Amino acid sequence: MTDTAASALLPPFPLPAAGTAGLDHWRSLPISQQPQWQDPAVHTSSLRELSSLPPLVFAGEVDVLRERLAAAAQGKAFLLQGGDCAETFEGATADRISARVKTILQMAVVLTYGASLPVIKMGRMAGQFAKPRSSNDETRDGVTLPAYRGDMVNGYDFTPESRGHDASRMVKAYHTSASTLNLIRAFTQGGFADLRLVHHWNKGFTANPAHSRYESLAREIDRAVRFMDACGADFEALKRVEFFASHEALLLDYERALTRIDSRTNLPYDTSAHFLWIGERTRDLDGAHVDFLSRVRNPIGVKLGPTTSGDDALALIDKLDPNREPGRLTFITRMGARNIREKLPQLVEKVTASGAQVLWVTDPMHGNTVTSPNGYKTRNFDDVMDEVRGFFEVHKALGTFPGGLHVEMTGDDVAECLGGADPVDQESFLERYESVCDPRLNHMQSLEMAFLVAGALSKN
Ligand code: PEP
Ligand code: MN
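Keep in mind that what you see is a predicted model, and the values were worked out from it rather than measured. (Residues numbered from 1 in each chain as written. Chains lettered and ligands numbered in written order. Predicted model: local features only at pLDDT ≥ 70, side-chain atom pairs only at ≥ 80, totals over all residues. Heavy atoms only, no water.)

Novice: I tried to follow the nonpolar core on my own but got confused; where do I start?
Specialist: Met-449 and Val-453 are the most contacted members of the largest nonpolar core, which has 48 residues in total. Looking at this core, the elements with two or more residues in it are strand E1 (78–83), helix H4 (94–115), helix H6 (168–189), helix H7 (195–207), helix H8 (215–230), helix H13 (381–398), strand E14 (402–408) and helix H15 (443–459). Ranked by residues supplied to this core, first place goes to H4 with 10 residues. Excluding residues that lie within four positions of it along the chain, Met-449 makes contacts with Pro-364, Phe-381, Val-384, Met-385, Val-388, Leu-405, Val-407 and Leu-441. By size, the runner-up hydrophobic cluster in this structure holds 32 residues, among which are Leu-293, Leu-304, Ile-317 and Trp-360. (Core = buried A, V, L, I, M, F, W, Y, C linked by side-chain atoms within 4.5 Å. Buried < 20%, exposed > 50% of the residue type's maximum accessible area, 1.4 Å probe, protein only. Helix = DSSP H or I, 4+ residues; strand = E, 2+ residues; numbered from the N terminus. Contact = heavy atoms within 4.5 Å.)

Novice: Teacher, can you tell me more about the pattern of salt bridges here?
Specialist: Charged atoms that come close allow side chains of opposite charge to pair. What the rule picks out here adds up to 32 salt bridges. Across the pair Arg-283 and Glu-280 runs a salt bridge whose closest N-O atoms are separated by 2.9 Å. Residues Arg-432 and Asp-413 are paired through a salt bridge, measuring 3.1 Å at the closest nitrogen-oxygen approach. Residue Arg-432 is found in helix H14 (residues 429–432), and its partner Asp-413 is found in the loop between E14 and H14; the two are separated by 19 residues along the sequence. (Salt bridge = Lys/Arg side-chain N within 4 Å of Asp/Glu carboxyl O.)

Novice: Just checking my understanding: could you explain the packing of helix H11 (residues 310–320) against helix H12 (residues 340–353) for this structure?
Specialist: Packed helix pairs are characterised by how far apart their axes lie and by the angle those axes make with each other. Packing of H11 against H12 leaves a shortest axis separation of 8 Å and a crossing angle of 40°. One finds that H11 runs oblique with respect to H12. Regarding H11 and H12, the two cross each other, and that crossing is right-handed. Mapping the contact onto sequence places Gly-310, Asp-311, Ala-313, Leu-314 and Ile-317 in H11 and Leu-347, Lys-350 and Val-351 in H12. (Axes fitted to C-alpha atoms, helices over the stretch in contact; angles between N-to-C directions. Parallel < 35°, antiparallel > 145°, perpendicular 65-115°, else oblique. Left-handed = near helix turned anticlockwise from the far one by under 90°.)

Novice: Help me out: how do you make sense of the site of ligand 1 in this one?
Specialist: What surrounds ligand 1 is the set Cys-85, Arg-124, Lys-131, Pro-132, Gly-279, Glu-280, Arg-281, Lys-303, Arg-334, His-366 and Glu-408. For ligand 1, an oxygen atom lies 2.7 Å from a polar atom in the side chain of Arg-334. The contact in question runs from an oxygen atom of ligand 1 to an N or O atom on the side chain of Glu-408, over 3.0 Å. Compared with its free state, where it exposes 300 Å², ligand 1 has 98% of that area covered by protein. Taken together, the residues that form the shell around ligand 1 break down as two nonpolar, two polar and seven charged. (Near = heavy atom within 4 Å. Polar contact = N/O pair within 3.5 Å; in protein donor to acceptor, adjacent residues only side chain to side chain. Areas by Shrake-Rupley, 256 points an atom, 1.4 Å probe, with all protein chains shown as cover. Nonpolar A, V, L, I, M, F, W, Y, C, P; charged D, E, K, R; others polar.)

Written out as structure tokens, the structure reads:
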């Protein structure tokens with residue numbers, strides 16, 4: 001029998017271990033970036049409570065997302081993933097959540113036109129509450145306290161009470177995620193995301209004289225929408241959009257407690273989000289994070305910084321996607337504008353030569369963080385765009401598909417990143433810098449990025 005005939009008899013992608021086998025193996029492995037919970041009894045009771053609460057997402061939705069990402073890996077769709085660096089409990093208001101979702105939908109319309117491809121819409125939302133930190137402590141005016149690690153762990157206020165690691169915050173993170181998801185589902189499924197309406201919101205962007213250079217693209221989109229209308233396109237069907245939730249899987253206690261065995265398949269799904277990613281600081285091949293996520297069925301992302309070698313990438317593929325299942329693995333590169341043209345080609349070449357088909361996504365934010373002269377953590381819009389351009393150039397040169405964009409953004413008029421056509425300057429940080437972690441593109445900067453990327457995609 002030939003190899004082809006033999007493999008035809010196998011299920012296309014042998015699945016990971018069924019049931020709960022191995023789901024706790026990570027506990028015996030090195031683990032970084034975990035909290036030091038102050039009260040063991042609260043920790044135990046919080047995890048027990050989380051284990052008994054309903055799933056936040058369903059296994060069937062997770063499977064749909066895997067199919068969508070498989071299409072993107074094959075060059076037939078584009079992923080847009082965006083949201084806060086760190087969500088906060090206080091920020092989970094109707095206005096802010098809907099502004100963020102609206103901005104992502106607005107960006108997606110522009111990108112869909114530019115790429116002539118479906119855009120998979122995904123929020124860094126409804127669970128992005130835990131942060132890795134480079135230092136365990138923070139010192140202000142001679143006082144040293146534990147660093148802020150996200151609302152799921154401790155508070156942002158600089159007091160000993162607030163900075164203690166309180167495990168009951170994991171339960172609050174669950175409930176805040178549930179109410180955020182509820183609003184997202186209502187917004188995207190309830191008819192509020194009508195293509196014509198989203199397109200109408202975008203007109204506000206081009207009405208700003210600073211954005212006049214985007215007018216011709218906006219006019220083309222306008223004509224396309226009117227053309228669809230004239231052809232009798234079913235705009236009713238376009239009122240509902242798929243929207244997926246994602247976050248960094250950092251606190252493994254939390255992720256494990258929300259992992260459930262799907263009754264249809266007897267396979268484990270991490271039901272805290274559709275998509276989970278492993279951060280640059282926790283992608284250690286023999287560490288707990290990679291092991292745990294290798295055992296759940298969700299599509300998985302891994303952030304890859306400039307020190308990643310081709311062999312690291314191959315080893316991650318072997319561990320996280322041993323069956324080479326399309327849609328399973330996304331590499332989110334965050335090299336920095338200065339490094340991307342030099343560092344990315346070797347990774348892409350090595351992965352491509354191995355025959356693996358991952359989805360390549362650019363995170364143009366995390367390699368471009370600087371401190372402004374007046375002391376704020378910021379990013380220059382031009383650096384961010386330069387990394388995006390480098391990402392497209394590298395993939396074009398290698399004949400591979402630049403499959404998506406991962407950004408820290410908000411729907412609000414904050415001032416956190418410098419520049420843009422209607423430029424943000426460092427003086428505006430004093431009034432409008434709101435992020436508790438990394439600087440985000442504001443509403444207008446996010447739309448501007450979508451217009452620029454759409455321009456690049458349409459030439460691709
Ligand atoms: C993040 O996405 O906020 C983050 C911490 O990224 P990275 O792991 O790439 O540094
Ligand atoms: Mn960040």
